[in-house]
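Coordinates in review
Each chain, written out:
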Amino acid sequence: NTEPESPYRVVLLGASGVGKTAFARIFDGAADSMDSDDCELYEMFEKVIEVDGEPAVVTLLDTWDAEVRQPCYMQTGDAYLLLYSITDRASFLRASELRITLRRSRPAQHTPIILVGNKCDLVRRREVSVAEGRTCAAVFDCKFIETSAAMQHNVWEAFCGIVRQLRLRRDSK
Ligand code: GDP
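Residues numbered from 1 in each chain as written. Predicted model: local features only at pLDDT ≥ 70, side-chain atom pairs only at ≥ 80, totals over all residues.

- The name recorded for the protein chain in an unreviewed UniProt entry is GTP-binding protein, from Cynoglossus semilaevis.
- Here is the UniProt Sequence similarities (unreviewed entry) comment for the protein chain, exactly as written: "Belongs to the small GTPase superfamily. RGK family."
- Recorded in UniProt for the protein chain, the comment headed Subcellular location (unreviewed entry) runs: "Cell membrane". (UniProt positions renumbered as here; feature names shortened; annotations may be inferred.)

Encoded structure:
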């Protein structure tokens, strides 16, 4: 099959200050920032990344956390990176709320989601343990990874992980 894949829309969700823009910057490395349909809602980056030897076109949406805008984000993505900061328990609770809203918005779909505990470099300011993150992901039936955008640790693993999940879903259709 030599047909190019259509772009996967991956949405960054999470409380403000957790590192969404830092993730987008890392992704952006060589990507073109595109004009979004409505730049008030999100910033969009598109790029071809190679995952397991196969190219994938990924459109990454960096969003702003605001109640009024959420319904739009909940419908727009093929997959979600749900970020919190391990140094901010409130952001962990926010990630849970967002997960519940996502499930309600798309009850019939199995949407790939990775729960991402960012800022794992800030060990002494940790408020959420690895075990809590892992347990939360298990309850919410999604994958889990801890990252540090500051150290560029595991960020690409998260992007590649979401592409792998999207492919699994595609191949099982
Ligand atoms: P957003 O509001 O979710 O887009 O968060 P930002 O990406 O703007 O990050 C908020 C602040 O946290 C900025 O000062 C970032 O430099 C910092 N930050 C983001 N990721 C990390 C990280 O992994 N480690 C550390 N130490 N700081 C981070």
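After presenting the structure, the write-up continues.
So, the site of the ligand
- Inspection of the region around the ligand gives 15 residues, with Gly 19, Lys 20, Thr 21, Ala 22 and Ala 150 positioned closest.
- Among the elements that make up the shell around the ligand, the one with the highest residue count is helix 1 (residues 20-28) (three residues).
- Tallied by class, residues from the shell around the ligand come to five nonpolar, seven polar and three charged. (Near = placed C-beta within 6 Å. Helix = DSSP H or I, 4+ residues; strand = E, 2+ residues; numbered from the N terminus. Nonpolar A, V, L, I, M, F, W, Y, C, P; charged D, E, K, R; others polar.)

Quick word on helix 3 (residues 89-105)
- Compared with the 24 Å implied by 1.5 Å per residue over 17 residues, the 25 Å span of helix 3 between its first and last C-alpha is a close match.
- By the burial criterion, the buried members of helix 3 are Ser 91, Phe 92, Arg 94, Ala 95, Leu 98, Arg 99 and Leu 102. On an axial view of helix 3, the arc spanned by its buried residues comes to 155°, and they lie on one face. Turned more than 90 degrees away from the buried face of helix 3 sit Ala 90, Glu 97, Ile 100 and Arg 104, all of them exposed. (Expected span 1.5 Å × (residues − 1). Buried ≥ 20, exposed ≤ 12 C-beta atoms within 10 Å, placed from the backbone. Arc of directions from axis to C-beta.)

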